[in-house]
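Spelled out, the chains give:
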Amino acid sequence: MKQYDFSYKTLEDIRERLKDLTICLPLSEETDILFKPLMLNKRLLQNRIGIAPMEGFDACPDGTPSELTRRRYLRYARGGAALIWFESVTIVPEGRSSPRQLVLTKETLPQFQRFVEEIKETGLKENGYAPFLVMQANHSGRYSHPNPQTPQPIAAFHNPVIEGDRPLDSSCIASDDYLASLEDKFGESAKLCRKAGFDGIDIKSCHGYLLGELAGAFNRPGIYGGNFENRFRLLFNSLRHAQCVQSDSFMITVRLNIFDGFPYPYGYGVVRDGSLNTDYSEPLEAVRILHRELGVSFINITMGDPHIRPYITRPFLRDDKFLQMEDPLAGLARMYNGSAVIKRNFPELVVSASAPSYLHQFAPNLAAGAIQAGACDQVCFGRLAFANPCFPRDIKESGFLEPEKACIACSKCSSLGRGGMPAGCIVRDAEVYLPYYKSLMDKNKQRKQT
Ligand SMILES: Cc1cc2nc3c(=O)[nH]c(=O)nc-3n(C[C@H](O)[C@H](O)[C@H](O)COP(=O)(O)O)c2cc1C
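Conventions and cut-offs
Throughout, a residue's number is its position along its own chain's written sequence, starting from 1. In keeping with the predicted nature of the model, local features appear solely for residues at pLDDT of at least 70, side-chain atom pairs appear and are counted solely at 80 or more, and the whole-chain, interface and lining totals rest on all residues. Helix and strand definitions here come from DSSP, where helices need a minimum of 4 consecutive H or I residues and strands a minimum of 2 consecutive E residues; each element is numbered from the N-terminal end. In this description, a residue-residue contact is defined by the distance between C-beta atoms placed from the backbone, which must lie within 7 Å. To estimate how far a helix should extend, the number of its residues minus one is multiplied by 1.5 Å. The burial criterion counts other C-beta atoms lying within 10 Å of a residue's C-beta, which is placed from the backbone; the residue is buried at 20 or more, exposed at 12 or fewer, and partly exposed between these limits. Here the arc refers to the set of directions running from the helix axis out to each C-beta atom. Only the C-beta atom matters for nearness: placed from the backbone, it must lie within 6 Å of the molecule or strand for the residue to count as near. For this scheme, ten residues count as nonpolar: Ala, Val, Leu, Ile, Met, Phe, Trp, Tyr, Cys and Pro. Four count as charged, namely Asp, Glu, Lys and Arg, and the remainder, Gly too, count as polar. Any two strands are treated as partners once DSSP identifies two or more bridges connecting them. Seen with its strands pointing away from the viewer, a crossover is right-handed if its path from the first strand over the helix to the second goes clockwise. The term nonpolar core refers to a group of buried residues, namely Ala, Val, Leu, Ile, Met, Phe, Trp, Tyr and Cys, whose C-beta atoms join them within 7 Å. Each axis is a line fitted through C-alpha atoms, taken for helices only over the stretch in contact, and angles between the N-to-C directions span 0 to 180 degrees. By definition, turning the near helix anticlockwise from the far helix through less than a right angle yields a left-handed crossing, and turning it clockwise yields a right-handed one. Here the word oblique covers every angle except those under 35 degrees (roughly parallel), over 145 (roughly antiparallel) and from 65 to 115 (roughly perpendicular).

(A) How the structure looks around the overall build of the chain. Secondary structure summary: the chain contains 16 helices and 11 strands in total. Taken along the three principal axes of its C-alpha coordinates, the chain extends 55 × 55 × 50 Å. By sequence separation, contacts in the chain at least 24 residues apart represent 69% of the contacts at least 6 residues apart.

Okay, here's the thing in C-alpha cells:
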C-alpha cells in the first residue's frame, strides 16, 4: 500500500502532482471570492464559508449541549463563518449515533433555544453578523448506537460490502411501517428546530445513515426499495412533512450523497458494471426533484460512507484504522467534480461543496478556486474548523492560511469519535483533546492485553 505525504510547499507543487495524476482540481491564488456576500433564503450572508456538520460526541446524556459542545460552537461563531451547519441531531432516541449525540425534543428545547441564541449573539458581537444556523436532522440507521453497551443497527438492507461474513440479523432491517413512521418524525423535528431558533433544517441523506443508505436500496423489497421513486420515498416525504414550517426565515435543505462508494447494487451514484466509476444520472434526478418540485434552494454535496471508506468522504493522510486507497487528491477531484456537475445542471440552485481540509493550508485556495470555476457557491470546512475555528478571520486578514494554523488530515478527530471520546483536534487544540486521545490509547492497549 502506497503511503502518501503532504510535502507541497506551493500551489504550483500541487498542480504538478495533479498533472501526473491526470486529474483537475480548481485552485486559486486569490481568496477574496470567499468574502463575496451570498444570498440565502432572503438573507445576505457575509461570506461563502461554512462550518461543516461535525459531531463532537460531547453532548450530555440527556442530549443537551455540554460545556464542551458550547465551547466548540462559540469558537465557530467568533471565527466569522457566515454559516454554521450544526452536527447531526437525532430525530428519534433509537436512531442516536452514540449516547453523546445531541437530541432535540420538547424536553431539551429550552436548552437548545438558549444555546442557539448565545451562538447568534456571539457572532453578532464579534463580527457584526449572526451566523446562519442549519440543524442537521438524522436517523443513524445501521450506525445507531444509542446505549453505551453495543450498537443497535436499524439498516435499510443487507449490504455484504459492509457486513462481510457477519450479516446483520434480519430483525435489524427496518420494516416499511417503521420507515413510514419516520416521515412525521422529520416534520416534528423541523417544528422543534424552528422553535429552537435555527434558520433551517437539513434532512440528512448521506454517509450511509438511514436516508442515505435507502438511496442505494436496490435489492430491498416493498415501497422503500427497488426503483428510484421508492428509494427516495422517505427523503422526499420527510421533506414534505418538514415543509409545514418552511418560510422566508426558515429554510429546508439536504446534505446529499451523490456517490456512495459501494458497487451496484449496494450503493447509488455508480455505474452498473460492478466498478466504482461514478454515474450521476440518479443524483441529478434526485436534485431535480428536490429543487424544481420540492422547492429546495440550497443543497450540500457530499459522498461516501465514512464508517467503511472514509477516504471518499474526507480524504486523509493517515488514519489509525483505515488505509488510504487512492491519492487523496483523487478523492478531492471526485468531490469537486461531483459538485460541479450538480451546479452546472442547476445554475440557480445554491450549491455548497464539502471536504477541503485535506489540502492543509491550501484548503481556502481550493474553496476559492471551486467557487471561481462555478463548481459551487459556498464551501463547508470540517476538520479545519476543529483545528482552527478562527480560520475565516485568518484568511480574511491575510488572504491565506499559515501552515501551522491548518488541519494536517491526521484523522485523530475521527479516532476520538470512533472510540467514544469527545472529538476535536489533538494537534492544534491539544490542551483539551490530547488527554482524551491518550486515554483512548491506554484503553485500547489494555483491551489488547486482556
Ligand atoms: C469527527 C467528525 C465528525 C463528523 N460529523 C459529521 C456529522 O455530524 N454530520 C455530517 O454530515 N458529517 C460529519 N462529518 C463529515 C464532515 O462534515 C465533512 O464532510 C468531512 O470531515 C470532510 O470535510 P473536511 O475535509 O473539511 O474535513 C464528520 C467528520 C468528522 C471527522
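(B) Inspection of helix 9 (residues 281-293) at higher detail. With 13 residues, helix 9 extends 17 Å between its outermost C-alpha atoms, agreeing within 8% with the 18 Å of an ideal straight helix rising 1.5 Å per residue. Buried within helix 9 are the following residues: Pro283, Ala286, Val287, Leu290 and His291. Take helix 9 and look down its axis: the buried residues cluster within an arc of 115 degrees, on one side only. Across from the buried face of helix 9, at angles greater than 90 degrees, the exposed residues are Ser281, Arg292 and Glu293. Those residues of helix 9 hidden inside the fold are in contact with strand 8 (251-257), strand 9 (298-302) and helix 11 (328-345). Gly295 occupies a position one or two residues after helix 9 and carries a positive phi of about 75 degrees.

(C) Region of the structure containing the site of the ligand. Within the structure, the ligand sits among 25 residues, and Ala52, Ser88, Ser357, Gly382 and Arg383 are positioned closest to it. Those elements giving two or more residues to the shell around the ligand turn out to be strand 4 (83-90), helix 13 (383-387) and helix 15 (412-418). Considering every element that reaches the shell around the ligand, the biggest residue donor is helix 15, with three residues. Here the shell around the ligand is built from residues that sort into 10 nonpolar, 10 polar and five charged.

(D) Looking closely at the pairing of strand 9. Counted residue by residue, strand 9 has five buried out of five residues, so it is predominantly covered. Both faces of strand 9 are covered, namely the face carrying Phe298, Asn300 and Thr302 and the face carrying Ile299 and Ile301. Sheet topology note: the strand 8/strand 9 ladder contains four bridges and is parallel. Its bridge partner lying in strand 9, Leu256 is registered against Ile301. Once you follow strand 8 into helix 9 and on to strand 9, the crossover reads as right-handed. Of the strand pairs in this sheet, strand 9 and strand 10 (residues 350-353) are connected by three bridges, and their pairing is parallel. By the bridge assignment for strand 10, Asn300 is matched with Ser352.

(E) Summary view of the nonpolar core. Ranked by internal contacts, the top residues of the largest apolar core, which has 130 residues, are Ile84, Ile201, Ile203 and Phe381. The residues contacting Ile203, other than those within four sequence positions of it, are Ala137, Phe186, Leu211, Leu235, Ser238, Leu239, Ala242, Ile252 and Val254.

(F) Structural context of the packing of helix 5 (residues 176-196) against helix 8 (residues 233-242). With their axes 7 Å apart at the nearest point, helix 5 and helix 8 run at an angle of 35 degrees to one another. For the pair helix 5 and helix 8, the crossing hand works out as right-handed. Contacts between helix 5 and helix 8 involve Leu179, Leu182, Glu183, Asp184, Phe186, Gly187 and Ala190 on the former and, on the latter, Leu234, Asn237, Ser238, His241 and Ala242.

(G) View of the packing of helix 2 (residues 67-79) against helix 3 (residues 109-127). Running from N to C, helix 2 and helix 3 cross one another at 30 degrees; their axes reach a closest spacing of 8 Å. When the interaxial angle is binned, helix 2 and helix 3 end up roughly parallel. Considering the relative orientation of helix 2 and helix 3, their crossing is right-handed. Touching Arg70, Tyr73, Leu74, Ala77 and Arg78 of helix 2 are Phe115, Glu118, Ile119, Thr122, Gly123 and Glu126, all from helix 3. Taken together, the residues of the contact of helix 2 with helix 3 sort by class into five nonpolar, two polar and four charged.

(H) Structural detail: the environment of Met303. Positionally, Met303 belongs in the loop between strand 9 and helix 10 (310-313). Separated by 34 residues in the primary sequence, Met303 and Gly269 place their C-alpha atoms 9.3 Å from one another. In this view, Met303 contacts Asn257, Ile258, Phe259, Gly261, Ile312, Thr313, Arg334, Met335 and Gly338; residues no more than four positions away in its chain are not counted.

(I) Expanded view of helix 5. Here helix 5 is 21 residues long and its end C-alpha atoms lie 31 Å apart, about the 30 Å a rise of 1.5 Å per residue gives. Considering only its buried residues, helix 5 is in contact with helix 3, strand 6 (132-138), strand 7 (200-203) and helix 8. Looking one or two places after helix 5, you find Gly197, whose phi comes out positive at around 105 degrees.

(J) Region of interest: the pairing of strand 6. Burial analysis of strand 6 places seven of its seven residues in the buried class, the great majority of the element. Because side chains alternate across strand 6, one face comprises the buried residues Phe132, Val134, Gln136 and Asn138, and the other comprises Leu133, Met135 and Ala137, equally buried. Inspection of the sheet shows strand 4 paired to strand 6 by six bridges, in the parallel sense. Each bridged residue has a counterpart across the sheet, and for Trp85 the counterpart in strand 6 is Val134.

(K) Quick look at unusual backbone geometry. For the bond from Tyr264 to Pro265, the omega torsion is 10 degrees, close enough to zero to count as cis. When you line up the elements, Pro265 lands in the loop between strand 8 and helix 9.

(L) Broad picture of the environment of Thr150. Residue placement: Thr150 occurs in the loop between strand 6 and helix 4 (160-163). In sequence terms Thr150 and Cys206 are 56 residues apart; their C-alpha atoms lie 23 Å from each other.

(M) Up close: the environment of Ala385. Locating Ala385 in the fold gives a position in helix 13. Between the alpha carbons of Ala385 and Arg17 there is a distance of 26 Å; along the sequence they are 368 residues apart. With residues near it in sequence (within four places) discarded, Ala385 still touches Ile51, Ala52, Met54, Tyr76 and Phe391.

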